[in-house]
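The residues making up each chain are set out below.
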Amino acid sequence: MSLPNEPRRRRADDPEWDARLRRVAVKVLRLCDREHPADAVLRGVLAEERGLSRSEGGEVAQMVFNFHRWRGWLGDDQATADLDSGVREANRLEARHSRSPSSFTDEELIQRSVPPWVVSEVEVTPSWARSLQSPPRLWLRARHGKRDALARTLYDVVPGATQLCPDALEYQGQTDLHRTPEFQSGEFEIQDLSSQAVGHLCAPAPGESWWDACAGEGGKTLHLSDLMGNKGMLWASDRASWRLKKLKQRAARARVFNYRAAPWEGGVRLPTKTLFHGVLVDAPCSGIGTWQRNPHARWSTLPADVQELAAIQLQLLCNAAAALRPGGRLVYSVCTLARAETTGVASAFEARMPGMRPSNLPVTLDLAAASPAPHQLWLRPGDFPGNGMFVSAWVKAS
Ligand SMILES: C[S@@+](CC[C@H](N)C(=O)[O-])C[C@H]1O[C@@H](n2cnc3c(N)ncnc32)[C@H](O)[C@@H]1O
């Protein structure tokens, strides 16, 4: 049953209204699958459901996310058929967790927060499992060197948590940041802390030429340009041209001018004959490192995805390396923790490309323990307050 067109006044703890919001959440849950991720389905259903206030839409979203976050605790029936009961149980578990996280043992968190197949690819540590059941933190990236000035005008922000990301601010408020004048004039981007770390590990210099080979909607392209002081040449490519269109809109708002966007399918035919000082391959991956922010993906990702994406990543790295000038740097980043995609791909790449040598990453001292070799860095949720990320870098022999 859909909600009335006009919102009626809602009393506190109104069981009838709560049941209506749950019905919308259940409608969303019935439509979610591998091809239809929860956030996209939510946007569609909330747009159809007239009569819901903004905060009620937020409550529905919370129920959908709670369901997927606590799905490993639900009975089979609650997880598949009696979704209303599943939503109520997930809400109860979420409330208990925010009151008393220690009432959940490490053992149960490790067993239930992710599907069983994951242990063959990732060591499920207590700190990762605990982070998966907690709300993610929201990170902003100020223009390079302008963080403190931004913090004086924007409310509810605190400086970031690592020396590697000097422009990061954590946002702890409730306002829609997209509507702030600072966002609209390009003074900051909403960007996860680990994604910001990737830009700093590339460390592009003003005047250099860089290729962001899997640029998507340009999160890292904008960062590379900012670090280059808008000077030098940046190519941004992706196989999805709709993503490049969004990149262009974002670049205009952020006043990024030193870039060219061009499609690239990932094959041997490159978008340009330019030889670059640096190439970033922020490759498509299973996204296991984003499961705190995106709990639906825990249950829709399959082990076969990991293998398939690892093969694509290796192909992209080998093809993109051809665009480097001698002495140029290749940076590989993936927001996943699966061995096959991360260290597995890095080892296979080194075996196949003997002309590519490990290149030290500019890792700051506070992250030394996260760097098993000078050219690699692991950002693990639970130990680091951003998405899970693996980064490796190589240099093309002269
Ligand atoms: C992790 S996302 C990139 C995110 C982006 N760098 C950012 O920071 O916003 C990976 C991107 O790779 C693109 N992609 C997937 N397969 C590809 C391929 N074979 N060749 C080129 N790009 C590909 C996807 O369209 C997606 O935009």
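Analysis parameters
- Residues numbered from 1 in each chain as written.
- Predicted model: local features only at pLDDT ≥ 70, side-chain atom pairs only at ≥ 80, totals over all residues.
- Pairing = 2+ DSSP bridges.
- Helix = DSSP H or I, 4+ residues; strand = E, 2+ residues; numbered from the N terminus.
- Axes fitted to C-alpha atoms, helices over the stretch in contact; angles between N-to-C directions.
- Near = placed C-beta within 6 Å.
- Nonpolar A, V, L, I, M, F, W, Y, C, P; charged D, E, K, R; others polar.
- Core = buried A, V, L, I, M, F, W, Y, C linked by C-beta atoms within 7 Å.
- Buried ≥ 20, exposed ≤ 12 C-beta atoms within 10 Å, placed from the backbone.
- Contact = placed C-beta atoms within 7 Å.
- Domains from an automatic or database assignment.

Visitor: What is the right way to look at the sheet that holds strand β4 (residues 188-190) in this model?
Guide: Strand pairing in a sheet relies on backbone hydrogen bonds. The paired strands run either parallel or antiparallel. Strand order across the open sheet formed by four strands is β2-β3-β1-β4, with antiparallel pairing between neighbours. Strand pairing shows two members of the sheet lacking a second neighbour, β2 (157-159) and β4, which therefore form its edges. Across the sheet, the mean angle separating the axes of adjacent strands is 35 degrees when strand polarity is ignored. As judged from the four bridges shared by strand β1 (residues 138-142) and strand β3 (residues 168-171), these two strands associate in the antiparallel manner. Following the sheet pairing, tryptophan 139 is matched in β3 by glutamate 170.

Visitor: In this structure, what is going on with the site of the ligand? I would like to understand it.
Guide: In the vicinity of the ligand, 18 residues are found, and the nearest of them are Cys214, Gly216, Gly219, Gly266 and Pro284. Secondary-structure elements contributing two or more residues to the shell around the ligand are α11 (219-227) and α14 (303-321). When its residues are assigned to classes, the shell around the ligand shows seven nonpolar, four polar and seven charged.

Visitor: Got a minute to help me understand the nonpolar core in this structure?
Guide: Among the nonpolar cores identified, the biggest contains 80 residues, and Ala213, Val279, Val281, Leu317, Ala320, Leu330 and Val391 are the most heavily contacted of them. When residues of this core are assigned to their parent elements, the largest contribution, eight residues, is made by α14. Excluding residues that lie within four positions of it along the chain, valine 279 makes contacts with Trp211, Ala213, Ala320, Ala323, Leu324 and Leu330. Leu42, Leu74, Ala79 and Ala90 belong to the second largest nonpolar core, which has 22 residues in total.

Visitor: Would you mind going over the domain arrangement of the chain with me for this structure?
Guide: For an interface, size is often stated in terms of accessible area lost upon the parts coming together. What the domain assignment lists for the chain is domain 1 (1-102), domain 2 (138-190) and domain 3 (193-396). Put simply, the middle of domain 1 and the middle of domain 3, counted by C-alpha atoms, are 35 Å apart. Listed by partner, the interface residues are nine residues for domain 1 and five residues for domain 3. Ranked by residue count, the leading element in the side of domain 1 that touches domain 3 is helix α3 (residues 54-69), at three residues. Residues that form the side of domain 1 that touches domain 3 fall into these classes: four nonpolar, one polar and four charged.

Visitor: Whenever I open this one, helix α10 (residues 193-202) confuses me. Can you help?
Guide: Each α-helix winds once per 3.6 residues, and so residues spaced three or four apart point in a common direction. Of all ten residues in α10, ten are buried, a share of seventy percent or more. All of the buried residues in α10 are Leu193, Ser194, Ser195, Gln196, Ala197, Val198, Gly199, His200, Leu201 and Cys202. Alanine 203 occupies a position one or two residues after α10 and carries a positive phi of about 50 degrees.

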